[in-house]
Amino acid sequence: MAVNIEKYNGIRKELGRVTLVAVSKTKPNEDIQALYELGQRDFGENYVQELVDKQAVLPKDIRWHFIGHLQSNKVKYIAPFVHLIHGVDSFKLLQEIHKQAAKHDRIIDCLLQVHIAQEETKFGMDENELEEALAGASGLPHVRVCGLMGMASFTDDQAKVRNEFRLLKTLFDKIGEWPVVNGEWTQLSMGMSGDYALAIEEGSTMVRIGSLLFGARTYPDKGI
Ligand SMILES: *Cc1c(COP(=O)(O)O)cnc(C)c1O
């Protein structure tokens, strides 16, 4: 068993009201089940096929978060059950989520991904794209855009990471005042194993933690 139960309990206490998404990508069903039995219900995955396979066999009250880069042609596979899609990075993707959600008579919650890190490889929108997406989303009743998601630079420079989280929180608060936001604007998904404490200090409402709970992943993240 690779799950670190002590760590899990410690993190849960530390988080208080912040939602913990246990990132189980590449990890076996037994590990997910072990945390489930301790009361964990929010799990995050970033490969569509892997998520679909796990959802089919694991308990039905798990809230599955899709946290990876989602391709439009794969939305249909997760639309029947996904709880929250974190990484929406285009209006086109939002339209496709709306279309697939409508087929299942669902409203799917989404977060828009913001490019906060200075690294070139990370996906995300800038402020103009966010405004366009939010304006367009008001015509898509089967999606609910309820906040932002971001990833800080992968660096030991704590000041830099903090600054990126702070910028994201500032943007989150600013957008909350925009008239294009109608309804829920409540979730700020930021913070991973290496930087979740900083993220919480800077106002995160939802952290995505994988390796601290499940151990290091043995194969690389092709999803990012
Ligand atoms: C893998 C992943 C995480 C979790 O990473 P850890 O460093 O293992 O906690 C969080 N967010 C996203 C988008 C991921 O792909």
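So, how was this worked out
- Residues numbered from 1 in each chain as written.
- Predicted model: local features only at pLDDT ≥ 70, side-chain atom pairs only at ≥ 80, totals over all residues.
- Heavy atoms only, no water.
- Buried < 20%, exposed > 50% of the residue type's maximum accessible area, 1.4 Å probe, protein only.
- Helix = DSSP H or I, 4+ residues; strand = E, 2+ residues; numbered from the N terminus.
- Pairing = 2+ DSSP bridges.
- Right-handed = clockwise from strand over helix to strand, strands pointing away.
- Phe/Tyr/Trp six-rings, centres within 6.5 Å; stacked < 30°, edge-to-face > 60°.
- Lys NZ or Arg CZ within 6 Å of the ring centre and 35° of its normal.
- Core = buried A, V, L, I, M, F, W, Y, C linked by side-chain atoms within 4.5 Å.
- Contact = heavy atoms within 4.5 Å.
- Near = heavy atom within 4 Å.
- Polar contact = N/O pair within 3.5 Å; in protein donor to acceptor, adjacent residues only side chain to side chain.
- Areas by Shrake-Rupley, 256 points an atom, 1.4 Å probe, with all protein chains shown as cover.
- Nonpolar A, V, L, I, M, F, W, Y, C, P; charged D, E, K, R; others polar.

## Overview of the pairing of strand S1 (residues 19-23)
Link 1 in the chain: With 4 of 5 residues buried, S1 is to be regarded as a mostly interior element.
Link 2 in the chain: Inspection of the sheet shows S1 paired to strand S8 (residues 206-209) by 4 bridges, in the parallel sense. Of the residues in S8, the one forming a bridge with threonine 19 is methionine 206.
Link 3 in the chain: As paired elements, S1 and strand S2 (residues 42-45) share 2 bridges and run parallel to each other. Bridge pairing links valine 23 to glycine 44 in S2.
Link 4 in the chain: Tracing the backbone out of S1, into helix H2 (residues 29-37) and back to the parallel element S2 gives a crossover that is right-handed.

## Observations regarding the packing of aromatic side chains
Link 1 in the chain: Counted by the stated rule, this structure contains 2 aromatic pairs.
Link 2 in the chain: Look at phenylalanine 43 and tryptophan 64: their rings are 6.1 Å apart centre to centre, the planes differ by 45°, and that puts the pair in the tilted class. Pair noted here: phenylalanine 43 is in strand S2 and tryptophan 64 is in strand S3 (residues 63-66), with a separation of 21 residues, a long-range link.
Link 3 in the chain: Residue phenylalanine 43 is classed as buried on the basis of its relative accessible area of 0%.
Link 4 in the chain: Residues phenylalanine 172 and tryptophan 185 carry aromatic rings whose centres are separated by 5.6 Å and whose planes lie at 20° to one another, so their mutual orientation is stacked. Of this pair, phenylalanine 172 sits in helix H7 (residues 158-176) while tryptophan 185 sits in the loop between H7 and strand S7 (187-189), placing them 13 residues apart in sequence. Residues phenylalanine 172 and tryptophan 185 agree in their burial class; the two are buried.
Link 5 in the chain: Lying across the ring of tyrosine 36, arginine 41 places its NZ or CZ 3.6 Å from the centre.

## A short note on the nonpolar core
Link 1 in the chain: Among the nonpolar cores identified, the biggest contains 63 residues, and Ile78, Ile85, Ile97, Leu112, Leu148, Ile175 and Leu213 are the most heavily contacted of them.
Link 2 in the chain: For this core, the element with the highest residue contribution is H7, accounting for 6 residues.
Link 3 in the chain: When residues no more than four places from it in sequence are discounted, the contact partners of leucine 148 are Leu111, Leu112, Val114, Leu130, Leu168, Leu171, Phe172, Ile175, Trp185, Gln187, Leu188 and Ser189.
Link 4 in the chain: Core analysis: the next-biggest nonpolar cluster, separate from the first, contains 6 residues, Leu111, Cys146, Met149 and Met206 among them.

## Observations regarding the site of the ligand
Link 1 in the chain: Near the ligand you find 14 residues, and of these Lys25, Ser193, Gly210, Ser211 and Arg217 are the closest.
Link 2 in the chain: At 2.5 Å from an oxygen atom of the ligand is found a side-chain nitrogen or oxygen belonging to serine 193.
Link 3 in the chain: Here an oxygen atom of the ligand and a backbone polar atom of glycine 210 are 2.8 Å apart.
Link 4 in the chain: Calculation on the ligand without its partners gives an accessible area of 390 Å², and the protein chains cover 95% of this total.
Link 5 in the chain: Class assignment of the residues belonging to the shell around the ligand gives a composition of 7 nonpolar, 4 polar and 3 charged.

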